[in-house]
Amino acid sequence: GNVVKNVEKKVKRQVVSKETADKMNEILGYNTETAGATAGYVSGYKVAGKTGTAQQKDMPDNALFVGYAPYYRESDWNAEEMSQMEKIALAVRIPNGYSSSYAAQLASDVIRVFYYPESLGEIVDNVILNQVDTEIQKLELVSLMKSIIH
């Protein structure tokens, strides 16, 4: 996309200690790599995140994922290399009864397209084709998508 506005980093105050921030970073990275938010994992990039749900009275739960990439530990990164990497932070909310793993998967797809724009077609195919029940519906849908794209 196009850069709308560059904003200089200006730290007004440190909300938590560096030690606490480093520990949270490590926990959220572990969570996405091997624990509860593995659907948010993106091969080749360290993604940190947390899944969850938000409840509303008399309504189905809302699925949530909040995350960022890349995450890093000071012990295993190069400051110059890190400063050159594109960074992304996002929050995904899917209302009305979906599992938080769907929100993590959607976040993973967005992060994948952010780092690998050429993967968009494959992701769209997977999302759409997994929602269709029969081969005939899949063929009709693929034909329709191809006619829209061309």
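Along each chain, numbering runs from 1 in the same order as the chain's sequence is written. Whole-chain, interface and lining totals are the exception, using all residues; otherwise, since this is a predicted model, local features are given only for residues with pLDDT of at least 70 and side-chain atom pairs are given and counted only at 80 or more. No hydrogens and no water enter the side-chain calculation; it runs on all heavy atoms of the structure.

Engineer: Would you mind showing me how to read unusual backbone geometry here?
Structural biologist: A cis amide bond, omega -10 degrees, links Ala69 with the succeeding residue Pro70. Secondary structure elements are taken from DSSP: a helix is a run of H or I of four residues or more, a strand is a run of E of two residues or more, and numbering for both begins at the N terminus. With respect to the helices, strands and loops of the structure, Pro70 is situated in the loop between strand S2 (62–69) and helix H2 (79–84). Although it is not a glycine, Asp58 adopts a positive phi angle of roughly 60 degrees. Tracing the backbone shows Asp58 in the loop between strand S1 (48–54) and S2.

Engineer: Even after reading the chapter, I still don't get the layout of surface pockets, so can you show me in this structure?
Structural biologist: Think of a ball as big as a water molecule: rolled over the atoms, this probe shows where empty space is left. Definitions used throughout: a 1 Å grid over protein atoms alone; a cavity as a set of points that fits a 1.4 Å probe which cannot get out; a pocket as an open set with protein on both sides within 12 Å along at least five of seven lines; a lining residue as one with an atom within 4 Å of a point. Grid points are joined across faces, edges and corners, and a volume is the space filled by probe spheres set on the points. Space inside the largest pocket adds up to approximately 810 Å³. Lining of the largest pocket is provided by 21 residues; of these, Lys9, Ala21, Asn25, Tyr68 and Tyr72 occupy positions nearest its centre. At the level of elements, helix H1 (18–34), S2, H2 and strand S3 (88–94) are the ones that each hand at least two residues to the lining of the largest pocket. Ranked by residues supplied to the lining of the largest pocket, first place goes to H1 with 5 residues. By the convention adopted, Pro, Cys, Tyr, Trp, Phe, Met, Ile, Leu, Val and Ala count as nonpolar, Lys, Arg, Asp and Glu as charged, and the other residues, Gly among them, as polar. Considered class by class, the residues forming the lining of the largest pocket number 12 nonpolar, 3 polar and 6 charged.

Engineer: I tried to follow the sheet that holds S2 on my own but got confused; where do I start?
Structural biologist: Within a sheet, each strand pairs with its neighbour through backbone hydrogen bonds, oriented either parallel or antiparallel. As summarised here, the arrangement of the 3 strands in space is S1-S2-S3, forming an open sheet in which the pairing is antiparallel. Edge positions in the sheet fall to S1 and S3, since each of these pairs with one other strand and no more. In this sheet, neighbouring strand axes are inclined to one another by 10 degrees on average, regardless of whether the strands run parallel or antiparallel. Strands in contact with helix H3 (residues 100–115) are S1, S2 and S3; relative to S3, the strand with the most contacts, it is inclined by about 145 degrees. In this description, strands pair whenever DSSP reports at least two bridges between them. In this description, a line fitted to the C-alpha atoms serves as the axis of each element, helices being fitted only across the stretch in contact, and the angle between N-to-C directions of two axes falls anywhere from 0 to 180 degrees. Contact definition: two residues touch when any of their heavy atoms are within 4.5 Å.

Read these as geometric descriptors, not functional statements.
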